[in-house]
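Residue-level listing of the chains:
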Amino acid sequence: MEQLTLRRPDDWHLHLRDGAMLRAVLPETARHFARAIVMPNLVPPVVTLADAMAYRDRILAALPAGAAFDPLMTLYLTEGTDPADVAAAAASGVVKAVKLYPAGATTNSASGVRDLTKVMPVLEKMAEIGLPLCTHGEVTTPEVDIFDREAVFIDTVLAPLRRRLPELRVVMEHITTEEGAAYAAEAGDGLAATITTHHLIINRNHILAGGIRPHYYCLPVAKREKHRLALRRAATSGNPRYFLGTDSAPHVDALKEHACGCAGCFTATNTMPLLAHVFEQEAALDRLEAFASLNGPAFYRLPVNEGTIRLEKRPDPCVWPEKILSEAGPVTIFNPGFPVHWHVVA
Ligand code: NCD
Ligand code: ZN
């Protein structure tokens, strides 16, 4: 029987939502993860320090009794964001990053940024105080093919921004392409990239071949197989630039299985067994701890977690429910389509 003990992991990109959905999904993350960078794309979004403090209180109130989980809050960058509020948010210790959504790029991004020049004073303040910018790295230009939006974002938005403001610390969130992985590998110390669980497992055929599978649809959308392989090489490389951000993004089934279905894969429940499976396939089990538990805190300048998580490989497959039930409706858990023999045992 193979065993694996890791420092307790963190999730550096997570959607917890609010209300009934928050209550349903939070225990799934808190079971394995000590901390998470909590995305601010609520309706209305989490824009100010006051919004973030109130949202953090709601998260803490929704925690199951006895659970130890520290939500690391983010602010949603808008063209009206006040640099002084961002500085106060960073100083409070509650807010660990600011999130850039290009307007219209993904779920609840309508209040995002249309013109980067409008937010330069905020970005300059962030560069000065060392507060990271988390980027949803896709352009929204209708002329740009959806499968090219990440690569075009790097060339036309991210690279120019970093030339203009080299001190700005940046996280490329949920990279999905070999271009994204290569850019992160070559960038300086102030840049890192998160990689999701599902982008290590699915390519675009999984979404589209043999029938449309809405539970595999997320943004950025999964790309060709060569990109999935590049992400696997990056995640398992041990390079401190890459770390886990599940982008676990729950939507009720009624909105996923819909004529205009929502984007998002829900992986909070089974991410750790799935990652152990992937890292074993890549003969890199010894690098899983770096990816899930060490590289993230190093970039965010936080201590690593004290506790540990233990996984065990067993002959019987790991089982999880097909769905979790929220008062808002059922949410389908990401199904990798193959048996997984790694179990979280402690
Ligand atoms: C996220 C969501 O549902 O909030 N969806 C997704 O497909 N990842 C938004 C996002 O991170 O793009
Ligand atoms: Zn996300």
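Everything discussed here concerns the structure shown above.
Residues numbered from 1 in each chain as written. Chains lettered and ligands numbered in written order. Predicted model: local features only at pLDDT ≥ 70, side-chain atom pairs only at ≥ 80, totals over all residues. Heavy atoms only, no water.

Q: So what's going on with the coordination of the zinc ion (ligand 2)? Residues and values would help.
A: Each pair of donors in an ideal octahedron of six around a metal sits at 90 or 180 degrees, and each pair in an ideal tetrahedron of four sits at 109.5 degrees. The coordination sphere of the zinc ion (ligand 2), as far as protein atoms go, consists of His13 (NE2), His15 (NE2) and Asp247 (OD), spread over 2.0 Å. Seen from the zinc ion (ligand 2), its four donor atoms lie at angles of 92 to 138°, and the figure they make is irregular. Here the donor residues of the zinc ion (ligand 2) are spaced in sequence according to H-x1-H-x231-D. Taken together, the residues span a long stretch of sequence, with His13 in strand 2 (residues 10–14) and Asp247 in the loop between strand 9 (242–244) and helix 9 (253–256) at a distance of 234 residues. The class of His13 is buried, set by a relative accessible area of 1%. (Donors = N, O, S within 2.8 Å, 3.2 Å for Na, K, Ca; no water. Tetrahedral: all angles 85-135°; square planar, octahedral: opposite > 155°, others 65-115°. Helix = DSSP H or I, 4+ residues; strand = E, 2+ residues; numbered from the N terminus. Buried < 20%, exposed > 50% of the residue type's maximum accessible area, 1.4 Å probe, protein only.)

Q: Residues and numbers for the sheet that holds strand 7 (residues 170–172), please.
A: Reading across from one edge, 2-3-4-5-6-7-8-9 is the order of the eight strands in this open sheet, with parallel pairing throughout. Looking at the sheet topology across the chains shown, the edges are occupied by strand 2 and strand 9. Between one strand axis and the next, the sheet turns through 30° on average, direction left out of account. In this sheet, strand 9 lies alongside strand 8 (residues 191–195) in parallel orientation, the contact comprising three bridges. Looking at the pairing, Thr194 lines up with Phe243 of strand 9. Contacts from helix 2 (residues 49–62) reach strand 3 (35–38), strand 4 (70–76) and strand 5 (95–100) within the one sheet, and its direction differs from that of strand 4 by about 150°. (Pairing = 2+ DSSP bridges. Axes fitted to C-alpha atoms, helices over the stretch in contact; angles between N-to-C directions. Contact = heavy atoms within 4.5 Å.)

Q: Before we move on, could you go through the packing of helix 6 (residues 178–186) against helix 8 (residues 225–235) and cite the residues and values that matter?
A: Relative to each other, helix 6 and helix 8 sit at 30°, their axes nearing to 8 Å. Considering their axes alone, helix 6 and helix 8 lie roughly parallel with respect to each other. The residues of helix 8 that touch helix 6, namely those facing Glu178, Glu179 and Ala181, are Lys226, His227, Ala230 and Ala234. The residue makeup of the contact of helix 6 with helix 8, split by class, is three nonpolar, one polar and three charged. (Parallel < 35°, antiparallel > 145°, perpendicular 65-115°, else oblique. Nonpolar A, V, L, I, M, F, W, Y, C, P; charged D, E, K, R; others polar.)

Q: So, the site of ligand 1: which residues are in play, and what are the values?
A: Of all residues adjacent to ligand 1, which total 15 residues, the nearest are Asn41, Thr106, Leu219, Asp247 and His251. Within the side chain of Arg17, one N or O atom sits 2.8 Å away from an oxygen atom of ligand 1. His136 is positioned such that a nitrogen or oxygen atom in its side chain is 3.4 Å from an oxygen atom of ligand 1. In the complex, 100% of the free accessible area of ligand 1, which totals 320 Å², lies under the protein chains. Here the residues of the shell around ligand 1 are counted per class, giving four nonpolar, nine polar and two charged. (Near = heavy atom within 4 Å. Polar contact = N/O pair within 3.5 Å; in protein donor to acceptor, adjacent residues only side chain to side chain. Areas by Shrake-Rupley, 256 points an atom, 1.4 Å probe, with all protein chains shown as cover.)

Q: Describe in detail the sheet that holds strand 13 (residues 342–344), supporting the description with residues and values.
A: An order of 1-10-13 is seen for the three strands of this open sheet, with the pairing classed as antiparallel. Every other strand in the sheet has two partners, leaving strand 1 (2–7) and strand 13 as the edge strands with one partner each. Across the sheet, the axes of successive neighbouring strands diverge by a mean angle of 25°, strand direction being ignored. Sitting on the sheet, helix 10 (residues 271–281) is in contact with strand 1, strand 10 (308–313) and strand 13, with an inclination near 145° to strand 13.

Q: Lay out the pairing of strand 4 in plain terms, naming residues and giving numbers.
A: Burial analysis of strand 4 places six of its seven residues in the buried class, the great majority of the element. Here strand 3 pairs with strand 4 via four bridges, running parallel. Counterpart to Arg35 in the pairing with strand 4 is Asp70. For the handedness criterion, the β-α-β arrangement of strand 3, helix 2 and strand 4 is classed as right-handed. Note that strand 4 and strand 5 share four bridges and pair parallel. When the bridges of strand 5 are listed, Leu75 appears paired with Val98. In this region the chain leaves strand 4, passes through helix 3 (residues 83–92) and returns to the parallel neighbour strand 5; the handedness of that crossover is right-handed. (Right-handed = clockwise from strand over helix to strand, strands pointing away.)

Q: Quick rundown of the pattern of salt bridges? Include the residues and the values.
A: Scanning the entire structure with this criterion turns up 16 salt bridges. For Arg31, the salt bridge is made with Glu28, and the minimal N-O distance between the two is 3.0 Å. On the basis of relative accessibility, which here comes to 10%, the residue Glu28 falls in the buried class. For Asp253, the salt bridge identified is with Lys323, shortest N-O distance 2.7 Å. Of this pair, Asp253 sits in helix 9 while Lys323 sits in strand 11 (residues 323–326), and the two are 70 residues apart along the sequence. A relative accessible area of 28% means that Lys323 is categorised as partly exposed. In the salt-bridge network here, residues are joined through shared partners; they are Glu79, Asp115 and Lys118. (Salt bridge = Lys/Arg side-chain N within 4 Å of Asp/Glu carboxyl O.)

Q: Can you lay out the packing of aromatic side chains for me, pointing to particular residues and giving the numbers?
A: On inspection of all chains with the given rule, the structure shows eight aromatic pairs. With a centroid separation of 5.5 Å and an interplanar angle of 35°, the aromatic rings of Phe279 and Phe291 are classed as tilted. Here Phe279 is found in helix 10, whereas its partner Phe291 is found in helix 11 (residues 288–300), with 12 residues between them in sequence. The same class applies to Phe279 and to Phe291, which are both buried. Centroid distance Phe299 to Tyr300: 5.7 Å. Interplanar angle 85°. Geometry classified as edge-to-face. Per residue, the accessibility class of Phe299 equals that of Tyr300, and both read buried. (Phe/Tyr/Trp six-rings, centres within 6.5 Å; stacked < 30°, edge-to-face > 60°.)

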